[in-house]
Amino acid sequence: MKLNAFGRQLVVLQVNEGWEVLEEGNEGKRRLARDIVIPASVSEDEIVGYVSDLLHEYASEKHPGVEIIG
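For every chain, the first residue of its written sequence is number 1, and the numbers climb from 1 along that sequence. This being a predicted model, a pLDDT of at least 70 is required before a residue's local features are given, and a value of 80 or more before pairs of side-chain atoms are given or counted; all residues contribute to the totals for chains, interfaces and linings. Only hydrogens and water are removed before side-chain values are computed, so all heavy atoms of the structure are retained for them.

Asker: An account of the sheet that holds strand β4 (residues 30-32) is requested, with residue identities and associated values reported.
Answerer: With antiparallel pairing, 5 strands are arranged side by side in an open sheet as β4-β3-β2-β1-β5. Each having just a single partner strand, β4 and β5 (66-68) make up the two edges of the open sheet. Looking at each pair of strands side by side, their axes are set apart by 35° on average, direction ignored. Looking at chain direction, strand β1 (residues 2-5) and β5 are connected through 3 bridges and run antiparallel. Looking across to β5, one finds that A5 is bridged to V66. Note on contacts: a residue pair qualifies if any of its non-hydrogen atoms lie within 4.5 Å across the two residues. Axis lines are fitted to C-alpha atoms, over the contacting stretch for helices. Their N-to-C directions set the angle, which ranges from 0 to 180 degrees. Strands are runs of DSSP state E lasting at least two residues, helices are runs of H or I lasting at least four, and both sets are numbered from the N terminus onward. Each of β1, β2 (8-15), β3 (18-24) and β5 is contacted by helix α1 (residues 47-55), which is oriented at about 30° to β1, the strand it contacts most. Only strands that DSSP links by at least two bridges are regarded as paired with each other.

The structure is reproduced here in structure tokens:
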């Protein structure tokens, strides 16, 4: 799942029993987003809300929320 999280382009992948979050740069390269940990207990339907709660301090007029982009 791809997210725009307050202007950050994130890719959330299900791995084994949990989640891995990667940050995607403008050139398409990905790196592990070490500051974002999603517990295995969070369901796929809850990811947008969880990431929104976790990163809400990055909200701005230009980037007010978290949305699925792909």
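Asker: Before we move on, could you go through the pairing of β2 and cite the residues and values that matter?
Answerer: Relative to β2, β1 is paired through 4 bridges, and the arrangement is antiparallel. Note that in β2 the partner of L3 across the bridge is L10. What sits between β1 and β2 in their antiparallel hairpin is a turn of 2 residues, with F6 showing a positive phi close to 55°. Both β2 and β3 contribute to a ladder of 6 bridges, which runs antiparallel. Paired with V15 across the two strands is G18, which belongs to β3. In textbook terms, the turn of a hairpin is the stretch between consecutive antiparallel strands, and for β2 and β3 this stretch comprises 2 residues, one of which, N16, has a positive phi near 50°.

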